[in-house]
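For reference, the chains in residue letters:
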Amino acid sequence: LQRSQQLKRSAWLAPAPCRLNSGLPMNIGVLFVPQQEAWVVERMGKFHRILEPGLNFLIPLLDRIRYVQSLKEIVINVPEQSAVTLDNVTLQIDGVLYLRVMDPYKASYGVEDPEYAVTQLAQTTMRSELGKLSLDRVFRERESLNANIVDAINQASDCWGIRCLRYEIKDIHVPPRVKESMQMQVEAERRKRATVLESEGTRESAINVAEGQKQAQILASEAEKAEQINKAAGEANAMLVRARAKAEAIQLLAAALAQQHGSAAASLSVAEQYVNAFSKLAKDSNTLLLPANTGDVTNMVAQALGIYTTLTKPQAVKPQTVKPQDELPPAREDPQPPTTEVLKAEQASSS
């Protein structure tokens, strides 16, 4: 029977888990139980008691040490097995199981081989849990998968006196074709991310360039506006300064003419300007309009003085009579232009 159990155990587990115990000692009456071990004693084939660590006394031939249970934490390698995921992908997966005997009586009489039973339960639970997940979720939810396996083992092993502390998946082997597909998927995802990041960078760059151009145009328009405002203000100030200078010049000229011999000085100035104007005729254009007596300088000066005298001659003011309001005033006749007097002056000078 033991041989068949060992063959069955070797068929499922490779290698078989090795329990840490001191074997089955002989009953010599006085026994010393090591720490973290529990010895199950049977008296005449029936359970008698569990020996505690330290000094213990038994009756030879009547009492027999039937089981030795280690109370330390036991590490068992779960052999590699195949499991099918939710999306029909076959995986090769193995793990590590951490156990501890909590009740030596249940561990001895509740199950034939508690470690083997827990290992098989871990394998079946792992296959069932993997069948609920897709391939992508298996790699992302390893912690939740381990916790589910531990909970399922503890629910079933409570009557065996064994408690599963934790379960860890060591390796997950994917078929070569699936691995190549996953690698291609990863590369495609990375290319997608790179393309998205590049497009976002291009968009941000275009937005920054457009924003810069907008700000540049706004600043240029504001600068042009300020320049036009400054230019207009400058031109207005220049016009005001020229007008004030001209008004002051007119006032000074009027004051000078009102003084003694002012008209004579004005006549001299007009005569000089007249002569200078004739001296510049040949320089400004090729077409010349000259009087008949161009060589007579005296005549030219006399003519200029006559024009000034005619322009400065005071005109007689006609007396105005008060008319009734109902009658409309007649249209004022324009004074005779001084051209006739100028012509008379020229004829007198020429004669």
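Residues numbered from 1 in each chain as written. Predicted model: local features only at pLDDT ≥ 70, side-chain atom pairs only at ≥ 80, totals over all residues. Heavy atoms only, no water.

J.: Quick question: what am I supposed to make of the overall build of the protein here?
T.: Within the protein one finds ten helices and eight strands. Looking at the protein residue by residue over its 351 residues, the buried ones come to 25%. A separation of at least 24 residues holds for 66% of the contacts in the protein among residues at least 6 apart in sequence. Roughly 25,500 Å² of accessible area belongs to the protein as shown, and the carbon and sulfur atoms make up 56% of that amount. (Helix = DSSP H or I, 4+ residues; strand = E, 2+ residues; numbered from the N terminus. Buried < 20%, exposed > 50% of the residue type's maximum accessible area, 1.4 Å probe, protein only. Contact = heavy atoms within 4.5 Å. Areas by Shrake-Rupley, 256 points an atom, 1.4 Å probe, with all protein chains shown as cover.)

J.: I would appreciate a short explanation of the pattern of salt bridges in the present structure.
T.: Any two side chains of opposite charge can pair, so long as their charged atoms come close to each other. For the structure shown, the criterion picks out seven salt bridges. Across the pair Arg43 and Asp63 runs a salt bridge, and its minimum N-O distance is 2.5 Å. A residue pair is termed long-range when its members are at least 10 positions apart, and Arg43 in strand E2 (residues 37–43) and Asp63 in strand E5 (residues 63–70) qualify at 20 residues. Classification of Asp63 by relative accessible area gives buried; the value is 4%. Counted as one network, the salt bridges with shared partners bring together Glu73, Arg100 and Arg166. (Salt bridge = Lys/Arg side-chain N within 4 Å of Asp/Glu carboxyl O.)

J.: Looking at this structure, how should I read the side chain of Ser157?
T.: Its location among the elements puts Ser157 in the loop between helix H5 (142–156) and strand E8 (162–173). Of note is the side chain of Ser157, whose polar atom sits 2.7 Å from the backbone oxygen of Ile153. A polar contact is formed between the side chain of Ser157 and the backbone oxygen of Ile162, at a distance of 3.0 Å. Residues in contact with Ser157, not counting those within four places in the same chain, are Val118 and Ile162. (Polar contact = N/O pair within 3.5 Å; in protein donor to acceptor, adjacent residues only side chain to side chain.)

J.: Would you mind going over a nonpolar patch on the surface with me for this structure?
T.: A surface patch of nonpolar side chains, about 430 Å² in accessible area, is lined by Val30, Phe32, Leu55 and Phe57. By the element assignment, Phe57 lies in strand E4 (residues 54–57). (Patch = residues over 30% accessible without salt bridge, like charges linked within 9 Å, V, L, I, M, F, W, Y side chains within 5 Å.)

J.: How should the side chain of Glu42 be read in this particular structure?
T.: Inspection of the secondary structure puts Glu42 in strand E2. For the buried Glu42, no salt bridge exists, and the shortest N-O distance to an oppositely charged side chain is 4.0 Å, to Arg66. Only 2.7 Å separates the side chain of Glu42 from the side chain of Tyr109, close enough to count as a polar contact. For Glu42, the residues in contact, after removing those within four places along its chain, are Phe47, His48, Leu62, Asp63, Arg64, Arg66, Tyr67 and Tyr109. (Lys, Arg positive; Asp, Glu negative; His and termini not counted.)

J.: Could you clarify how one ought to interpret the sheet that holds strand E7 (residues 90–101) in this entry?
T.: Two strands in a sheet stick together by hydrogen bonds in their backbones, pointing the same way (parallel) or opposite ways (antiparallel). The antiparallel open sheet is built from three strands, whose spatial order is E6-E7-E8. Each edge of the sheet is formed by a strand with only one pairing partner; in this case those strands are strand E6 (73–84) and E8. Between one strand axis and the next, the sheet turns through 20° on average, direction left out of account. Contacting E7 and E8, H5 crosses the sheet at an angle of about 145° to E8. (Pairing = 2+ DSSP bridges. Axes fitted to C-alpha atoms, helices over the stretch in contact; angles between N-to-C directions.)

J.: Looking at this structure, I do not really get the packing of aromatic side chains. What am I missing?
T.: Two measures describe an aromatic ring pair: the distance that separates the ring centres and the angle between the ring planes. For the coordinates displayed, the defined rule picks out four aromatic pairs. Taking 4.8 Å as the distance between ring centres and 65° as the angle between the ring planes, the aromatic pair formed by Phe47 and Tyr105 counts as edge-to-face. Taken as a pair, Phe47 in strand E3 (residues 46–51) and Tyr105 in helix H2 (residues 104–109) lie far apart in primary sequence, 58 residues in all. Accessibility expressed as a relative area gives 31% for Phe47, which makes it partly exposed. Through a chain of ring-to-ring contacts, three or more aromatic side chains come together here, namely Phe47, Tyr67, Tyr105 and Tyr109. Here the basic side chain of Arg66 rests over the ring of Tyr67, its NZ or CZ set 5.0 Å away from the ring centre. (Phe/Tyr/Trp six-rings, centres within 6.5 Å; stacked < 30°, edge-to-face > 60°. Lys NZ or Arg CZ within 6 Å of the ring centre and 35° of its normal.)

J.: Sorry if this is basic, but what is going on with unusual backbone geometry here?
T.: Excluding glycine, residues mostly have negative phi values, and the peptide bonds linking residues are mostly trans. Despite not being glycine, Leu61 has its phi angle at roughly 70°, a positive value. You can call Leu61 exposed: its relative accessible area is 88%. If you check the backbone angles, Asn88 has positive phi at about 60° while not being a glycine. Residue position: Asn88 is located in the loop between E6 and E7. The class for Asn88 is exposed, based on a relative accessible area of 66%.

J.: Is there a simple way to explain the environment of Glu52 in this structure?
T.: Within the element layout of this structure, Glu52 appears in the loop between E3 and E4. Here the alpha-carbon distance between Glu52 and Ala38, two residues 14 residues apart in the chain, equals 6.3 Å.

J.: Explanation requested: the sheet that holds E5 in the structure shown.
T.: Spatial ordering of the open sheet is given by E3-E2-E5, a layout of three strands whose pairing is antiparallel. Looking at strand neighbours, the two that pair on one side only are E3 and E5, the edges of this open sheet. Averaged over all pairs of adjacent strands, the angle between strand axes in this sheet comes to 25°, irrespective of strand direction. Bridge count between E2 and E5: seven bridges; the pairing is antiparallel. Bridge assignment links Ala38 to a residue of E5, and that residue is Gln69.

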